[in-house]
Amino acid sequence: MSFPVRARDFLAGGDGAARIRQVLQQVGFPPAIIRRVAIAAYEAEMNIVIHSFGGELKASITPAAITITALDSGPGIPDIDLAMQEGYSTAPREIQEMGFGAGMGLPNIRRCADELEIKSAPGQGTTVNIIIYNR
């Protein structure tokens, strides 16, 4: 599955994550797994909405695991370790005033993921790969 994600489109933000959740429910994944996937996918999708120039949310589902990939073209993450700290955010003030950009996206993804890989460089965008095993 693949979903385009537009920068600053807060009305559509989360639609891809919701569709992934629906498919997992339809095929009978356990609720605890669905919850973890839905949270991780939503946070990844909203990071694209908030921080990038647009991108794509992808999901690959097998009986053993769900892989979520969030790709964006954007400014990149200058310091991934810093970005992983709860409460650290580079979201503009106007985004934070809307209730987004609290600095919990990547930490929430890390909590939900069994495996997490972030590739990013300033000026080159970001790719986040999330794997959640069906255990």
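Before going into details, it helps to say that this report is about the structure given with it. Sequence order as written defines residue numbering, which begins from 1 separately in each chain. Per-residue local features are limited, in this predicted model, to residues with pLDDT of at least 70; the limit for side-chain atom pairs, both in listing and counting, is 80 or more; totals at the level of whole chains, interfaces and linings are taken over all residues. Hydrogens and waters are ignored; side-chain quantities use all the structure's heavy atoms.

### Details of the sheet that holds strand β1 (residues 2-5)
Whether parallel or antiparallel, the strands of a sheet pair through hydrogen bonds between backbone atoms. Only strands joined by at least two bridges in the DSSP assignment are considered to pair. Only runs of H or I of at least four residues qualify as helices and only runs of E of at least two qualify as strands under DSSP, and these elements are numbered from the N terminus. An order of β1-β2-β3-β5-β4 is seen for the 5 strands of this open sheet, with the pairing classed as antiparallel. Both outer strands of the open sheet, β1 and β4 (115-120), are each paired with one neighbouring strand and no more. Across the sheet, the mean angle from the axis of one strand to that of its neighbour is 10°, orientation sign disregarded. Bridge count for strand β2 (residues 55-61) against strand β3 (residues 65-72) is 7 bridges, and the pairing is antiparallel. Bridge assignment links Glu 56 to a residue of β3, and that residue is Leu 71. By the convention used here, residues are in contact when the closest approach between their heavy atoms is within 4.5 Å. For helices, the fitted line uses only the C-alpha atoms of the stretch in contact; every axis is such a line through C-alpha atoms, and the angle between N-to-C directions lies from 0 to 180 degrees. Contacts from helix α1 (residues 15-26) reach β1, β2 and β3 within the one sheet, and its direction differs from that of β2 by about 10°.

### Quick notes on the side chain of Thr 69
With respect to the element layout, Thr 69 can be found in strand β3. Only protein chains enter the accessibility calculation, which uses a 1.4 Å probe; a residue is then buried when its area is under 20% of its type maximum, exposed when over 50%, and partly exposed in between. Using a relative accessible area of 14% as the deciding quantity, one classes Thr 69 as buried. Filtering out sequence-adjacent residues up to four positions away, Thr 69 remains in contact with Glu 56, Leu 57, Lys 58, Thr 127, Val 128 and Asn 129.

### Focus on helix α5 (residues 105-112)
Burial within α5 is extensive, with 6 of its 8 residues counted as buried. Within α5, burial applies to Gly 105, Leu 106, Pro 107, Asn 108, Ile 109 and Cys 112. Each element contacted by the buried residues of α5 is listed here: α2 (31-51), α3 (80-83), β4 and β5 (126-133).

### Description of the pattern of salt bridges
Salt bridges are defined by distance alone: a side-chain nitrogen of Lys or Arg within 4 Å of a carboxyl oxygen of Asp or Glu. A full pass over the atoms with the stated rule returns 6 salt bridges. Taking the shortest distance from any N to any O, the salt bridge between Asp 114 and Arg 36 comes out at 3.0 Å. Here Asp 114 is found in the loop between α5 and β4, whereas its partner Arg 36 is found in helix α2, with 78 residues between them in sequence. Overall, the relative accessible area of 21% leaves Arg 36 in the partly exposed class. A single network of salt bridges, built from pairs that share partners, joins Arg 36, Asp 114 and Arg 135.

### Things to note about the packing of α2 against α5
The N-to-C vectors of α2 and α5 enclose an angle of 155°; their axes lie 9 Å apart at closest approach. Compared by their axis directions, α2 and α5 come out roughly antiparallel. Note that α2 runs across α5; the crossing there is left-handed. Across the interface between the two elements, Arg 36, Ile 39, Ala 40, Glu 43, Ala 44 and Asn 47 from α2 touch Gly 105, Leu 106, Asn 108, Ile 109 and Cys 112 from α5. Of the residues assigned to the contact of α2 with α5, the class counts are 6 nonpolar, 3 polar and 2 charged. We call two directions roughly parallel when the angle between them is under 35 degrees, roughly antiparallel when it is over 145, roughly perpendicular when it lies between 65 and 115, and oblique otherwise. With the far helix as reference, a near helix turned anticlockwise by less than a right angle produces a left-handed crossing, and one turned clockwise produces a right-handed crossing. Residues are sorted three ways: Asp, Glu, Lys and Arg are charged, Ala, Val, Leu, Ile, Met, Phe, Trp, Tyr, Cys and Pro are nonpolar, and all the rest, Gly among them, are polar.

### Some remarks on the nonpolar core
Remark: nonpolar core denotes a set of buried residues (Ala, Val, Leu, Ile, Met, Phe, Trp, Tyr, Cys) joined through side-chain atoms within 4.5 Å. One finds Ile 20, Val 37, Leu 57, Ile 68 and Ile 130 to be the most contacted residues of the largest nonpolar core, which totals 35 residues. Counting residues per element, the ones that place at least two in this core are β1, α1, α2, β2, β3, α5 and β5. Of all the elements, α2 adds the most residues to this core, at 10 residues. With near-sequence residues (within four places) excluded, Ile 130 lies in contact with Ala 40, Ala 44, Ile 66, Thr 67, Ile 68, Ile 109, Ala 113, Glu 115 and Leu 116.

### Concerning the packing of aromatic side chains
How two aromatic rings sit relative to each other is set out by the distance from centre to centre and by the angle between their planes. The aromatic pairing rule takes the rings of Phe, Tyr and Trp, using the six-membered ring of Trp, and pairs them if the centres are within 6.5 Å, calling planes under 30 degrees apart stacked, those over 60 edge-to-face and the rest tilted. Summed over all chains, the structure comprises 1 aromatic pair. Measuring from centroid to centroid gives 4.8 Å for Phe 10 and Phe 100, while their planes differ by 35°, and the two rings are tilted. Here the residue Phe 10 occupies a position in the loop between β1 and α1, and Phe 100 occupies one in the loop between α4 (93-97) and α5, the gap between them amounting to 90 residues. Phe 10 sits in the buried class, given a relative accessible area of 18%.

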